[in-house]
Every structure is written in structure tokens, then in C-alpha cells.
Amino acid sequence: MEVTQVLFNAQSIDGTVRKNAEESLKQFQEQNLPGFLLSLSGELANEEKPIETRKLAGLILKNALDAKEQHRKFELVQRWLSLDATAKSQIKACLLQTLSSPVFDAHSTTSQVIAKVAGIELPQKQWPELIGSLLFNVHQIPAYAKQATLETLGYLCEEVSPDVIDQDQVNKILTAVVQGMSASEGNIDVRLAATRALYNALGFAQANFSNDMERDYIMRVVCEATLSPEVRIRQAAFECLVSISSTYYEKLTPYIQDIFNITSKAVREDEEPVALQAIEFWSSICDEEIDILEEYGGEFTGDSDVPCFYFIKKALPALVPMLLETLLKQEEDQDQDEGAWNIAMAGGTCLGLVAQTVGDDIVPLVVPFVEENITKPDWRQREAATYAFGSILDGPSPENLIPLVNVALTFMLSALTKDPNSHVKDTTAWALGRIFEFLLGSAVDLPIITQANCQQIVTVLLQSMKDTPNVAEKACGALYFLAQGYEGEGEPSPLTPFFQEIAQSLLTVTHREDVGDSRLRTAAYETLNEVVRCSTVETAPLVLQLVAVIMMELHNTLESQKLSSEEREKQSELQGLLCGCLQVIIQKLGSSETTKYAFMQYADQIMGLFLRVFACRSATVHEEAMLAIGALAYATGADFAKYMPEFYRYLEMGLQNFEEYQVCAVTVGVVGDISRALEEKIVPYCDGIMTQLLKNLSSNQLHRSVKPPIFSCFGDIALAVGEYFEKYLMWAMSALQSAADLSTHIAGDDELVEYTNSLRNGILEAYSGIFQGFKNSPKTQLLITYAPHILQFLDGIYMEKDMDDMVMKTAIGVLGDLADTLGNHASSMIQQSVSSKDFLNECLSSEDLLVKESAQWAKLAISRAISV
Amino acid sequence: MAPHDIRRPFKRAAISDQQKRRELSLLRQAQNRRDAQQQARCLASSILSLQSAAPESQPEQSDTEIETVPESEQESEAFSKDLDVRQASKLRGPEVRKWFARQLMLPEWMIDVPDRLAQDWYVFARPAGKRCFVVSSNGTTVSRQRNGSILHHFPSALPAGAKIRDGSGSAQSYCILDCIFHELDQTYYVIDMVCWNGYSLYDCTAEFRFYWLNSKLEESGACNAPSHYHKFRFSAVPVYNCDSSGLYSAYTGVVPYAKDGLLFYNKHALYQTGNTPLALVWKDENCSQYVIDTDGKGEIPSQQQVVLELQDDRKLVTSDDPPVLFGCLDGDIIEKMGSLRRLI
């Protein structure tokens, strides 16, 4: 096959030609994979071939090695590993050769392909000579070869995990990279490639950062690179500093003064991309210190605790003025541009993080700036002053802030209506939202909102909802947090008298002509949701009136016919907002007996609308409608059975939606709601549901986060249907057992530990539901065979000492359920388990109330099982 | 390798309302699941206690326990009570008063020294005040006196005892405490725990109930000073083993309340409504101010009055707490009295 021509044709503007070429490439790949890959790598390596075909050959090679989807990626990795060894080594030789090509596109694509192959082979201990030959290449004379090799090292570090490469090779890679970065390197492209490579290699440098001399050297070279005449190198060097700030926070003390000097010069004088990275360095330090201080607060005492060095606190007197300066560098109209990101925004964000890090200390440094600028004729000064004030509201103590807020509030309300500049109004509304977000609530004794000013606040916010879309959106946000401030107070909310007016204004906003292009409509509905959530009994009749209004809106979206795909997307989005709003209302009204009763008159109509929303789409179900149905099932109880015949197909469709795993997860949760609502009336649908759930568990295409809720759902179903669950017991137990075996031991990062714990929790909830479901049935003895394994699982996870409180609570509860249901049949088994002694005692003395409570239940159940 | 995006959220709320809706749904589902499970556990535990009293399981009991395990009738009575509790919290008006009036465990007078006093019994100084049942459920707390009338209706830190911000109180959650309200320091002294957070303790031994009472009450925050959401302070009373030092402590020890006698509880006894010989009371002038009636000035009047009650079975008892049996009246006298059932 003449691959060059085909690759050419595959880029043709003529659709038919292109299609044919793609087809023959596909056939070639399917019929002879090694031959296909080999000829692509040959094409890529051949200096006589045109750039376009070499580039495409590289791209196809890359895609043959990696994919975004996990299961596809796994398949490709297996396929490569099982490929004929001779072909592979030929391909790899071609690749290494191409790295020295003078053609930029050729070597640049190749460096990525090599990294992909390395990502597959190095963890398997294959291709041991790769790093050696790359390092040899670094010392080649042509600068382009050097550049390509450094890029390859960078990509390689991105692909493979640090434990795959031994320290000796890491040292050599770092030496090569850092040498490439140093000022003595004359070629700009080489130096840039090296600096970018270092960014990826930093994760490999743990040992080197622990060695004072090596660390000093790396830091010196990085700092020197921030002074390079080439802007891209300066930017890349600051990116390295940002990465170092989080990866090696605890090693920064000797350098922090120098870094402060470098960054503040960059913030004040350098080009924006560089200045943004310089600010990001301090934001990242704030992130670190906030995390550490939070752990201090939580009295966390692990061995690997990183101490806080209070870099921000120490830098404060110089850092804050620098950030305040950036606030004055706003761009016109940045509020209208969703994608905007500039130095004023970065500086303002950083200032907010600094306030969270140091608390009260920031107040005296910012207040004079606010006072000086807030009344200036230049809008930039007024806006900067308002932003500065808004950004310090999260962090310092309420006692410190509330007196300031009480002085500022009247001024701000007036600015929101009267300031001639839209940017100032936008920021003022945002800052008001921050006041309500952080300073309202029962924890604070000093009032900000009084009977006297509440009317004015509401009036101003509602008036601002008629302002430009961005100001109106911020006003909605402020109202959102104002409502949230009175959530669950029990006392009459000062907002109660304004409920009708507020709801009416928000609905008016959703009908604004210019609502379509901004987040405004979403903000208005979300605010309405919060106002409903936080409403009190006095306004329940008004919430009930909203049901019909929102239903009408939803009905209207269903009437429009023959929509373009863009229109359909908008329709679906609006339906999502309306279903979300109905969900909130249902949950609110369903939570009290009296309002629930009044609401139920709408249940049939609402369910009808939800079903029509589902019918709007052919293949997928609407997540928001599904969530709302869960709330409806809870409110309706056993009566929900009448909707099941029509609803069931959408339920099944939701469970089958692997692509949008959120939808699948939400649907699994709704199955739980329906089980609790219907109890044994769910039996006719159980075959379908259980089959689908078991299928989901065994699929490797489904996002793993959905699996724990599926197990919990087993428990919900078993508890609902009781001994009828026998039909599925063997299958469910076998799925549970293999998941239990897998989740006993965890080896991995925090994320994996967290996931494993959620998996354990799901498994344990399933066991609980099954035991309680079979309780008092003559079929209880069916469970006895599973008891030893379950006890072994409990003992196993106890021994691992890495479960969280949630798992602890569920696990010890399962012990109780097992004892409760099996009674004296299991008493000797229980007494032999570690769980019934050490684990139980540990739980009994737990600080966590829920754990303790479960443990006491278990103790009670065990003592009965043993004594009988 | 392109530069890395460092954009951070700007002027945006950190959590989207959609995420909030998802999370609130998950919270509600988790809460519902917990309620369903708890309900299953509560029900199961009552049924289990019924089954454990079934005849065939009797022989398996060890000797030491046999004497303390009540007969099956009592057990099934406890079971029906247990189910009643949730029903009762829905009762209104006179029905609820009638129901609660029957629910307290009442001690008998201590007229001799029980066997194994030191090993099997607890002793504590009884606070002077109004004996009542305190029930927390559905975000409120109600105390009812022996006659079923409401003493206080208030928010408390007991589980389900107040409407609180996080709304974590589950529907099935409730507590029933056996208390004495001590006027002087406005404190509920908890002398026994009947139900805690939905778990019934009727069929648990006093030993277990007291252990639970002590650990649970403290951690619930009910012992804290009164606040907006917690109107009255609760307090446990110091309970001692009935050895000589325990007796001495209970008899002479300083407590923050006025004493009204000593209460003795058998460690192995379950919570049994009505009079029981497994709970005893002792009074003398050293440990109670109510041995002898005093007038408003605190002086002892020349005559002591006694209120007597004639019961349906013709027994004549004092209306003390607990009552003292005087004797039995014969049919003649009763007829002479006609329909009058009470002598004053």
C-alpha cells in the first residue's frame, strides 16, 4: 500500500476522496496492525516525504496508543503490548531516528509518540535503553535535536509515574534538563524546551529537593530563567515556581525572600502572561497554607504533617500593597466577557485568598485603600476599592468586619443604584453578596440586617435585577445569599413579608429579552430555589402557588416544535432549570405533612410533565427531571406505584446511560427513593432493575463513582422487598463478595483511599439492607453461608486501619444487623471475630456520635444473639 | 507543551446550585435510608425480644440470668409498649395523658435488705421534685407528670428535641427519659433512660441503661447550660454500687439538688412499668426533707395527715410515692360507703 498517497488523500478537501482514504487506512489497520504502524513510523521518519503526511502519520500513531476514555485506553495498551516484538523495536528505532529530524513538525510529533510508547512500556520494564539514548541525544550538536529530545523528556515525565524510573536515571534526566535551562545555553528554543520539561519533571525530583546542594542549584537556575530576555522562558520559569510552591512548599524557606523580589518585579513590570504566573505563585502558597491551617484547626495529627511556615503572614506588609495595585488595572468590559482573565482579576482573587490565610491581619492593610479610593471620580478607583473590600470578607472575624460593614452598607446600596459605571455596580452587587454569604447566620450575634434596612436592601436588589445582565446576575447572587442567611432559623425571617415580591421579580427576570446570552436566567432560577428552600411556614401557601406557575413554564417549553439543534439545547437547559426548581419545591412542600397534603393535588400533572420532558429526547434522560422524580416519589409514597408502568422505561434508560454517568448515578439514587416509597410494590420491576444494576457493576465502561451507590441500592431494594430478594441473593452476594475482596486492601493515593471507602460503604449498606430485609423471614438461614465472609470482610477492613468514620459506622452497624438477623446461629462465629471485640470497643469509644450509636446498636444485638 | 491554564473562578459562587441540588438529594436519600434502616432495627429488636421469651429458648439460659429474665408475659408487654411509643407520640388530649400515666416504673418501699445488695444493686440519692417522663420527638420536647399532664413544652438538646439548622433529626428519632424536675435549679435530673434516639431500652438491664444514660446524655449536649435551643438543663445523678462506701456516699454525699430519699435499682432488672420490687426507695430524716409534713413556715404541725386510697381490689393504701398498703376492707364497709371510692 502506498501510504503517502493515502495520507495525502485523508487530508483532501474533497469529502469523497477523504472518506475513501480514511476507509482504506482503517482496513489496513484492521488487517495488518504491525504492518500499518510500521509503515506509519517509516513515513514519519522519511526525510523525503512531505511534511503533511509525516505529521498525520505521527498523529495516527499517537492515537493508536492512547485514548481519553479509560476502557479504550486500556484496550490500546493491551494491543500494543501484545504486538510482535520485532515490529515494535523497528517502530521504536524509526521514532528515535526521527527525533533528530530538522523538520519541526516531524520531531515535535515524534516526541509525543515516544512518550506514549514509554508510558506503556516503562511500567512493564520494557524499552530500558530509551532514557539512555535520549540522554545521549541531548549532547548532540544540532540544536533542534536537543530541543526535540528535551521535549520528549518533558512529555515522558508527564506520561509515566515517578516510581517507574529509578533514581539514577532521574538524576541524569534532571541534570540534562537543568543544564538545558541554564543561562549558558545559547539557543532560546532549547532553553524554553528545557524549562517546560522541568515543569513536568518536578514530580520526579523528590530526592533531589531533599538534598540542599541539588535543590539550591535547581532553584537558582529556575530563578535565573525568570529573568531571561525571552518572555516565553520567563513565563515557563514562573510556571515551574508555581508548581514548586505546591509540590515543595516545605522546602521554600531559604528562597522565599528572593522569590518575593522576583515576583513583585514581574507583577509590576513584566508582560501580562508572566505577571499572571507571578501572582499565581502567591495564590498557590495561600492554597497550601489554608490547607495546612485547616488541618491544624481539625487537630489532625498525622506523621507526615507539613508545618505552616506563615510565608503569607510574613510577606503581608509588602504583598498586600502589591496586590492592591493590580486591582487598578481592570480592563473595560471584563464583566461582560466570560473568558476574561487579567492581572486585576488574578490580583483580586489572590487578595481574597490572602484574607482567608491570615484573617484579621489583612483588615488594617486594606481599609485605608478602600477609604481613599471609594469616592474617587475615576471608576477604576471606586471599583478597585469595592473589590478590595469584598475580597476581605471571607477570613477575618465577624466581630472585626461587622462594624465596617455597618458603616459601608448604606454607601454600597446607594452605589448599586446610583453609580454611573456598570463595572462598579457589578462589583458592588458581588460584594453585597459576599457580606450576606459570610456574615449572616445564627453564629453571629451582631445584626447587619435589621427591620429598618431590610426593606431597603430588598428594594435595591430587586431594582438592580432590571440593570444590565451582568449586574442583574450579581444582584440575584446577592439575594441568594441573603435568603441563605435565614435558612432553617425557625424564627420568622425578615424576608417573609417580601416573598411574593421577590418571587415575582425573579420570574420577571427569567422572561427578560436579553436573558439568553448570559448566566442571568440560571442565576434567577437558582435564587428562586434558594428563596424557596429558606422560606418559612408562613409563606408555604405562596410556595404552593409557585407550583402552578413553574408547571406552566415547563408546559410551554414542551409546546415548541421543530427546533434547530441549538434551540433544542436551549430548550433542554431551560427544562433543566424548571425541573430543578420543581424538585426544590417538591422537597420543600414534601417535608411537612400539612404542605405535602396540599401539594399532592398537583402530583399527577407534574409527573405527566416530567414524562413529557423525558419523551423530548430519544436516547438520554434528563438528569434534573430524574432528580425531581426522586423527590416526588419520596413525597408520594406508595401511591407512586401508579406512575411506574409509564415511568419504568425511562428509569431503565437512565440506568443504561454510561456516557453521562451523572445521569446514571442520579437514576440509581432514584431507584432507592422508589424502593422506599413502594416497598413490596416494587417487586414487579425488580427483575429489570436488578438485571441492569448487575450488568452495570460488571461493566468497565461505567464510571467507577457509580458503583458504590449501586451497592447501596441493593440494600434499599432488599429492605423494601424482604425475602423476595432471595431471587437475586446469589448474584448480589457474589458481586458484593468480589467487590469486598477488592476493597479490603487499598494501595494508592488519597483519591483511591476515598473511593475505596465509598465502595466499602456501599457494600456494607447492601449487607445491612439484606440482613434487615430477611429479618423474621423463614429464609433467614440462606444468609448463614455468607456470614463468615462478611465477618472476615469486617475484620479485614478493621485491620487495615484506613476506614473513615462513615465506613466505621456502617460496618459496625452490619455487625449488629448480622447478629440481629442470624441470632444464635451466628453467635460463635461472631464471638470469634475481631470485629465483635476490638473493633466494637473502638467504635463504642468513638468521638463520632453516629459511629457510637451504631456500635451501641451492635452491642445490644450481639448481647442478645449470644445470650439466647 | 503549552502554558498551563491558571484561571481561577472570579466573582462566582464556589458551588453551583445544580451541584447543591444533587448534594441535597443525596443527603435526603442518605437520611431516608438511615431512617428506613433504623426503623427496621427498632422493629426487629422488639420482635427479637418477643421471640427470645418464647418457651423453647428458655432452657438455654444460664442460671444467673434466669432469675432476672422476666416471664414471657411481661416480655410481650414490653414489646407492645415498645411499639406503642411511636403511636403514643401521635396521641392527643386525654388519651396521651392516660397513656403516659401508666408508663413510669415505680419503686416499692424498702422494708428489708435484699439478698446480694452489694453485688446486684445500685443506689443513688433521689432528687426532690416532680417525677416526669420527658419525651423528645419531631423537634420538640415535652415533659409529662405522673398524671399525664404536661409540665413543660420546650426545645432541648436531646436527639429530635429541637428544630435545629441542619435538620438532621430523623423522623423515627425520639427519646423517653424518666426524670425528676428540680424546681430550685430548674434542672431535669434523669434517673432512668427508657428510649434513646429511637432505640428502645425497655428490655435492657438497669446496668446497661445507666451506662447508656451516662454516655449518651453527656454527649448530646443536654447537660449544657440552657440556651435558645435548649431551655432546661439536664443532669444525670451520681449512681453508686450498693457496697458500704457507695451507700455512705449516696446517703451523706453532697449533691446539687435537695434529696428525697435513696433509690435502689437492681442491676439486672428491665424497665418495668408500675410498681416493682426490683426498685426500692428508702427515706429517713437524714436523706429526705419529706419524711414529715411541714407547714408553709417549715414547722411541723401538731397533727400529721395521711391521704388514703381505696383501690378496686379493696386494698387500702397511702397515696405516697410509693404507696404503703394498710390492709384490706371487707365488703360491708364498702357497701356502706356506696359509690364513694375515696376516703379522705
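Residues numbered from 1 in each chain as written. Chains lettered and ligands numbered in written order. Predicted model: local features only at pLDDT ≥ 70, side-chain atom pairs only at ≥ 80, totals over all residues. Heavy atoms only, no water.

**Remarks on the overall build of chain A**
To keep things clear, this is the line we draw: A run of H or I in DSSP becomes a helix once it reaches four residues, and a run of E becomes a strand once it reaches two; helices and strands are each numbered from the N terminus. This radius of gyration counts C-alpha atoms alone. The globule rule is 2.2 Å times how many residues there are, raised to the power 0.38. Pairs of residues are marked as contacts when any of their non-hydrogen atoms sit within 4.5 Å. Exposure was quantified through the Shrake-Rupley algorithm and a 1.4 Å probe, taking into account, for residues, occlusion by the shown protein chains and nothing else. Two residue types count as positive, namely Lys and Arg, and two as negative, namely Asp and Glu; His and chain ends fall outside the count. Here the site of a charge means atom NZ of a Lys, CZ of an Arg, CG of an Asp or CD of a Glu.
On a plain count of helices and strands, chain A comes out with 42 helices and 0 strands. Its C-alpha atoms give chain A a radius of gyration of 32 Å, within 12% of the compact-globule value 29 Å for 868 residues. Referenced to the eigenvectors of the C-alpha coordinate spread, the extents of chain A come out at roughly 85 × 75 × 65 Å. Contacts in chain A between residues far apart in sequence, at least 24 positions, make up 72% of those at least 6 positions apart. Carbon and sulfur atoms form 52% of the exposed surface of chain A, whose accessible area is close to 36,000 Å². Where the 65 positive side-chain charges of chain A centre and where its 117 negative ones centre are 4 Å apart.

**Considering helix 37 (residues 750–774) of chain A**
Residue and element names in this part refer to chain A. In plain terms, the rule: The span one expects for a helix is its residue count, reduced by one, times 1.5 Å. The rule is simple: take the accessible area with a 1.4 Å probe, protein chains only, and divide by the maximum for that residue type; under 20% is buried, over 50% is exposed, in between is partly exposed.
Counted at 1.5 Å a residue, the expected span for helix 37 with its 25 residues is 36 Å, and the 36 Å between its end C-alpha atoms agrees. For helix 37, the tally of buried residues reaches 19 of 25 residues, placing the bulk of the element in the interior. A positive backbone phi angle near 65 degrees is found at Asn776, which sits one or two residues after helix 37.

**Re the packing of aromatic side chains**
Put simply, the rule reads: Each Phe, Tyr or Trp ring (for Trp, its six-membered ring) is paired with any other whose centre lies within 6.5 Å, and the angle between the two planes then decides the class: stacked below 30 degrees, edge-to-face above 60, tilted in between. Throughout this description, the term charge over a ring refers to an Arg CZ or Lys NZ atom that lies within 6 Å of the ring centre and within 35 degrees of the ring normal.
The final tally for this structure, using the stated rule, is 33 aromatic pairs over all chains. Ring geometry for A:Tyr387 and A:Trp430: centres 4.5 Å apart, planes at 10 degrees, overall stacked. In this pair, A:Tyr387 is assigned in helix 20 (residues 379–391) and A:Trp430 in helix 22 (residues 422–439), connecting sequence segments 43 residues apart. The pair A:Tyr387 / A:Trp430 is uniform in exposure class, with both members buried. Seen from their ring centres, B:Phe154 and B:Tyr188 are 5.6 Å apart, and the 10 degrees between their planes marks the pair as stacked. Taken together, the positions of B:Phe154 in strand 5 (residues 150–154) and B:Tyr188 in strand 7 (residues 187–196) put the pair 34 residues apart, joining distant regions of the chain. The positively charged end of A:Arg704 is found above the aromatic ring belonging to A:Tyr755, 4.3 Å away from the centroid.

**Remarks on unusual backbone geometry**
The general pattern is negative phi for most residues beyond glycine and trans for most peptide bonds. All names here are of chain A. Within the chain, Trp127 stands out as a residue other than glycine whose phi angle is a positive 55 degrees. On the basis of relative accessibility, which here comes to 4%, the residue Trp127 falls in the buried class. For Tyr310, which is not glycine, the phi dihedral falls at a positive 50 degrees. With respect to the helices and strands, Tyr310 occurs in the loop between helix 16 (272–297) and helix 17 (311–327). For Tyr310, a relative accessible area of 35% corresponds to the partly exposed category.

**Here's the deal with the state of the cysteines**
To be explicit about the condition: When the sulfur atoms of two cysteines come within 2.5 Å, that pair is taken as a disulfide.
The tally for this structure, following the rule as stated, stands at 0 disulfides over all chains. Looking at the unpaired A:Cys350, the closest cysteine sulfur is the one in A:Cys286, lying at 4.9 Å. In this model B:Cys242 remains outside any disulfide bridge; the closest cysteine sulfur is found in B:Cys287, 13 Å from its own. Residue classification places B:Cys242 among the buried positions, given a relative accessible area of 2%.

**Section: the UniProt feature "domain: Importin N-terminal" (unreviewed entry) in chain A**
The line we're drawing: UniProt positions are given in the numbering used here, feature names are shortened, and annotations may be inferred rather than shown by experiment.
Under the UniProt annotation, the feature "domain: Importin N-terminal" (unreviewed entry) is placed at residues 21–101 of chain A. In this annotation, residues 21–101 of chain A is assigned 78% helix and 0% strand; the end-to-end C-alpha distance for the span is 27 Å.

**Remarks on the environment of A:Glu230**
All names here are of chain A. Along the chain, Glu230 falls in the loop between helix 13 (212–225) and helix 14 (231–247). Of the residues examined, Glu230 reaches a relative accessible area of 17% and is grouped as buried. Placed 39 residues apart in sequence, Glu230 and Arg191 show a C-alpha to C-alpha distance of 9.8 Å.

**Thoughts on the nonpolar core**
The condition is simple: Nonpolar core, defined: a set of buried Ala, Val, Leu, Ile, Met, Phe, Trp, Tyr and Cys residues in which side-chain atoms within 4.5 Å join the residues together.
If you look at the biggest cluster of nonpolar residues, it comprises 368 residues, and the most contacted ones within it are A:Val354, A:Phe436, A:Leu482, A:Phe640, A:Phe647, A:Phe725 and B:Phe234. Here this core takes 11 residues from helix 16 of chain A, the largest share from any one element. Not counting residues within four places of it along the chain, the set of residues in contact with A:Phe640 comprises A:Met607, A:Ile629, A:Leu632, A:Ala633, A:Phe647, A:Ile674 and A:Leu678.

**Let's talk about the domain arrangement of chain A**
For clarity, the cut-off: Start and end points for every domain follow an automatic or database-based domain assignment.
According to the domain assignment, chain A contains domain 1 (252–297 + 307–330 + 341–396) and domain 2 (730–867). Distance between the C-alpha centres of domain 1 of chain A and domain 2 of chain A: 49 Å.

**A look at the side chain of A:Arg521**
Tracing the backbone shows A:Arg521 in helix 26 (residues 520–533). A:Arg521 has contacts with A:Thr510, A:Val515, A:Lys570, A:Leu574 and A:Leu577, leaving out every residue within four places of it along the chain.

**Section: empty space enclosed by the protein**
Our working rule: A 1.4 Å probe that fits but cannot get out identifies a cavity on a 1 Å grid over protein atoms alone, an open set with protein on both sides within 12 Å along at least five of seven lines counts as a pocket, and a residue lines either if it has an atom within 4 Å of a point. Grid points are joined across faces, edges and corners, and a volume is the space filled by probe spheres set on the points. Note on residue categories: nonpolar means Ala, Val, Leu, Ile, Met, Phe, Trp, Tyr, Cys or Pro, charged means Asp, Glu, Lys or Arg, and polar means any other residue, Gly included.
Tallying each qualifying case throughout the model produces 5 cavities of 30 Å³ or more. Residue lining of the largest cavity: A:Ser768, A:Lys809, A:Thr810, A:Gly813, A:Leu850, A:Glu853, A:Ser854, B:Arg34, B:Gln37, B:Gln38, B:Arg41 and B:Tyr199, and that is the complete set. In terms of residue count, helix 1 (residues 17–52) of chain B provides more of the lining of the largest cavity than any other element does, 4 residues in total. Here the residues of the lining of the largest cavity are counted per class, giving 2 nonpolar, 6 polar and 4 charged. In this model, the second largest cavity occupies a volume close to 100 Å³. Lining of the second largest cavity is provided by A:Ala483, A:Tyr486, A:Ser493, A:Leu495, A:Thr496, A:Phe499, A:Val531, A:Cys534, A:Ser535, A:Thr536 and A:Thr539. Considering only residue class, the lining of the second largest cavity consists of 6 nonpolar, 5 polar and no charged.

**Section: the side chain of A:Ser111**
Residues and elements named next belong to chain A. We count it as follows: Here a polar contact means two N or O atoms within 3.5 Å. Within protein one must be a hydrogen donor candidate and the other an acceptor candidate, and residues neighboring in sequence count only if both atoms are side-chain atoms.
Checked against the element boundaries, Ser111 lands in helix 7 (residues 104–121). Among the polar contacts listed, one links the side chain of Ser111 to the backbone oxygen of Ser108, at a separation of 2.7 Å. Excluding anything up to four places from it in sequence, Ser111 contacts Leu99, Ala148, Glu151, Thr152 and Tyr155.

**Some points on the confidence of the model for chain B**
Residue and element names in this part refer to chain B. So the rule is basically this: The predictor attaches a confidence to each residue, and that confidence, scored 0 to 100, is pLDDT.
When pLDDT is averaged along chain B, the result is 73; 67% of the residues meet or exceed 70. For residues 44–93, every residue scores under 50 in pLDDT, and the model assigns this stretch 58 contacts once sequence neighbours within four places are set aside. Confidence drops under a pLDDT of 50 for residues 165–169, and excluding neighbours within four residues, the segment shows 9 contacts in the predicted structure. Model confidence for the complex: the whole-complex pTM is 0.71, and ipTM, which rates the interface, is 0.76.

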